[in-house]
Amino acid sequence: MEKELVFKMVQGQIGYDFKNLDLLNQAFTRRSYTEENGGENNEILEFIGDKALDFAVIKLLIAKFGRMKNGDPADGTKQTDLEKQFCQPKDLRVYDGANEFLCDYSEGELTKIKSRMVAKKNLARRMDEMGFAEYLIMGQSDINNNVMNEVSVKEDLFEAIVGAVVLDSEWDFAVIQSVVETMLLPEDFIESDSDDNYVRMIQDWEMQENHTVPLFRFKEQSYSSTWYYPFGGISQVLPCNSNTHRLKFHCELKLLNRLPIFRGFGASKSEARMNVCKLAYEYLEKNGYIRHVTMRDEIDEPTKEDAINQLEILARRGYFSIPTYEYAETHDNDGNPVWKCKCRIKEYDKVYAAESSSKKEAKKLSALKMLEYVIQEA
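Residues numbered from 1 in each chain as written. Predicted model: local features only at pLDDT ≥ 70, side-chain atom pairs only at ≥ 80, totals over all residues. Heavy atoms only, no water.

Student: Any chance you could explain the packing of aromatic side chains here in plain terms?
Tutor: Given two aromatic rings, one states the distance between the centres and the angle between the planes to describe the pair. In this structure the tally under the stated criterion is 11 aromatic pairs. Ring geometry for F7 and F28: centres 6.1 Å apart, planes at 45°, overall tilted. Here F7 is found in helix α1 (residues 3–14), whereas its partner F28 is found in the loop between α2 (21–27) and α3 (31–37), with 21 residues between them in sequence. A single burial state applies to F7 and to F28, both of which are buried. A ring pair is formed by Y348 and Y373, whose centres lie 5.7 Å apart and whose planes are at 80°; its orientation type is edge-to-face. Here Y348, found in the loop between β8 (337–344) and β9 (351–356), pairs with Y373, found in helix α15 (residues 359–377); they are 25 residues apart in sequence, far enough to count as distant. The pair formed by Y348 and Y373 is uniform in burial state, with each residue classed as buried. Grouped by ring-pair contacts, the aromatic residues F320, Y348, Y352 and Y373 constitute a single cluster. (Phe/Tyr/Trp six-rings, centres within 6.5 Å; stacked < 30°, edge-to-face > 60°. Helix = DSSP H or I, 4+ residues; strand = E, 2+ residues; numbered from the N terminus. Buried < 20%, exposed > 50% of the residue type's maximum accessible area, 1.4 Å probe, protein only.)

Student: Which parts of the structure should I look at to understand the packing of helix α4 (residues 43–65) against helix α10 (residues 173–184)?
Tutor: Angle between the axes and distance between the axes: these two values describe a pair of packed helices. One way to put it is that α4 packs onto α10 with a least axis distance of 9 Å and a crossing angle of 85°. Considering the angle they form, α4 stands roughly perpendicular to α10. Note on element contacts: α10 touches α4 through F173, I176, Q177, V180, E181 and L184, opposite A52, L53, F55, A56, V57, K59 and L60. Residues of the contact of α4 with α10, tallied by class, amount to 10 nonpolar, one polar and two charged. (Axes fitted to C-alpha atoms, helices over the stretch in contact; angles between N-to-C directions. Parallel < 35°, antiparallel > 145°, perpendicular 65-115°, else oblique. Contact = heavy atoms within 4.5 Å. Nonpolar A, V, L, I, M, F, W, Y, C, P; charged D, E, K, R; others polar.)

Student: Whenever I open this one, the environment of E355 confuses me. Can you help?
Tutor: Note that E355 resides in strand β9. Exposure remark for E355: the relative accessible area of 54% places this residue in the exposed category. The spacing of E355 and L365 is 10 residues in sequence and 7.9 Å in space, taken between C-alpha atoms. Sequence-distant contacts of E355, defined by excluding residues within four places in its chain, comprise V338, W339, K340, A362 and L365.

Student: Looking at this model, I keep getting lost on α10. Mind explaining?
Tutor: Along an α-helix, residues three or four positions apart point the same way, because every turn accommodates 3.6 residues. Taking 1.5 Å of rise per residue, 12 residues should cover 16 Å, and α10 covers 16 Å from first to last C-alpha, within 8% of that figure. Among all positions in α10, only I176, Q177, S178, V179, V180, E181, T182, M183 and L184 are buried. Backbone nitrogen of A174 and a side-chain oxygen of the N-cap are separated by 3.1 Å at the start of α10; the cap is D172. At the exit of α10 stands L185, carrying a positive phi of roughly 55°. (Expected span 1.5 Å × (residues − 1). Polar contact = N/O pair within 3.5 Å; in protein donor to acceptor, adjacent residues only side chain to side chain.)

Student: Would you take a moment to explain the nonpolar core for this structure?
Tutor: Soluble globular proteins tend to pack their nonpolar side chains together in the buried interior. In terms of nonpolar packing, the biggest core is built from 49 residues, with I14, F28, L61, F132, I161 and M183 touching the most fellow members. Among the elements that line this core, the one with the most residues is α4, at 10 residues. Setting aside residues up to four positions removed in sequence, M183 forms contacts with I14, R126, M127, M130, F158, I161 and V162. (Core = buried A, V, L, I, M, F, W, Y, C linked by side-chain atoms within 4.5 Å.)

Student: Which parts of the structure should I look at to understand α1?
Tutor: For α1, with 12 residues, the first-to-last C-alpha span of 17 Å sits near the 16 Å given by 1.5 Å per residue. Listed as buried for α1 are V6, F7, M9, V10, Q11, G12, Q13 and I14. The inward-facing, buried residues of α1 abut α2, α9 (151–168), α10 and β3 (215–219). Looking at the residues trailing α1, positive phi occurs at G15, about 75°.

Student: Before we go on, may I ask you to explain the pairing of β8 in this structure?
Tutor: A regular strand places its side chains so that they alternate between the two faces of the sheet. Here strand β7 (residues 324–331) runs beside β8; their pairing, made up of eight bridges, is antiparallel. In the sheet register, A328 faces β8, and the bridge partner there is K340. Hairpin connection from β7 to β8: five residues lie between these consecutive antiparallel strands, with G335 at a positive phi of about 85°. Taken together, the six bridges between β8 and β9 define a ladder with antiparallel strand orientation. Bridging across to β9, K342 finds its partner in A353. Counted between consecutive antiparallel strands, the loop separating β8 from β9 contains six residues. (Pairing = 2+ DSSP bridges.)

Student: Would you mind going over the sheet that holds β8 with me for this structure?
Tutor: The sheet built from three strands is open, its strands ordered β7-β8-β9 with antiparallel pairing. The open sheet is flanked by β7 and β9, the only strands paired with a single partner. The mean inter-strand angle of the sheet, taken between neighbouring strand axes irrespective of direction, is 20°. The strands touched by α15 are β7, β8 and β9; relative to β9, the strand with the most contacts, the crossing angle is about 150°.

Student: Looking at this model, I keep getting lost on the pattern of salt bridges. Mind explaining?
Tutor: As a working rule, side chains carrying opposite charge can pair if their charged atoms are close by. Scanning the model with the defined rule gives 21 salt bridges in all. Among the ionic pairs, R200 bridges to D188, the shortest N-O distance being 2.5 Å. With a gap of 12 residues between them, R200 in helix α11 (residues 198–210) and D188 in the loop between α10 and α11 connect regions that are remote in the sequence. Per residue, the accessibility class of R200 equals that of D188, and both read buried. A salt bridge links R217 to E252, with the shortest nitrogen-to-oxygen separation between them at 2.7 Å. One end of the pair, R217, is in strand β3; the other, E252, is in strand β5 (residues 249–254), with 35 residues separating them in the sequence. Judged by its relative accessible area of 38%, R217 falls in the partly exposed class. (Salt bridge = Lys/Arg side-chain N within 4 Å of Asp/Glu carboxyl O.)

In structure tokens:
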């Protein structure tokens, strides 16, 4: 694919149009290429993106789970009353606890969620799912060593793209936040109060059916101004009395099959993407494109070596929550360490434990027991 088309696809997928395409090109350029050909690589962009990603994920989690005691959100979107209070002269301030910060999750729980969201394997997986890794610009040494398939290389690309957005947007954090949420697919980690994870369901369907990724394109336009499409398609239809003025974004979805273009609307890019995926999935289901599978179909054969990953795959496909693991270390009569690991899944009453001299081995064994149980229960 020509570079111009690649960058058009990338910008569409992340929901951001670069003013300076050199920065986007640099985000895809590895040091091996610049060592052989000159120019600048993506290492500093990666550094910038890594820090911006952390902050954006923290803001996302606080917006989801945190709030001020007086009911205001804690994501900076509504602080007028606080500003008024703390702009008063010092001797007039009243510290009565009314505006303290509350959160549904502990610091440790938030850390675990954040760690999973920014983990190497997740960032690498998103680069695969968005179809970006294959367009890395590499020197011959990297090509010979097939580094484009390495997890760390794909992680670097994810962070470098975020870093390029940071500089191109001149540190506009609303833009950075939007791009991170679009690229990261937080729905995989933060449970919805109502709907299924339609974004993941469409992602998996397109990969299973057509061995490619769904193509998204975002626009910042109101619901009413996007109602007419001369080239056809299926748009999300909202009730006449719905609050459409808040729907500032729309998202178009194109699947490889001879299917219509789908369009959904939302107050954010993430919401618009979820709505268009729900619309598409309901269309696929209604028209017989969905082949319903069970956990037994998903996992050919549970194995100890793959059990942790197999459980996570099932969780990401919506069968249950991400498994959690608890560890305890004791010692045998000879003073050798004995690790005990417990595997839990929120939706199941069963807890499976295993012991081993190796912490990693204990985790594998407990995951295998849990995997065999959930498949049997399916």
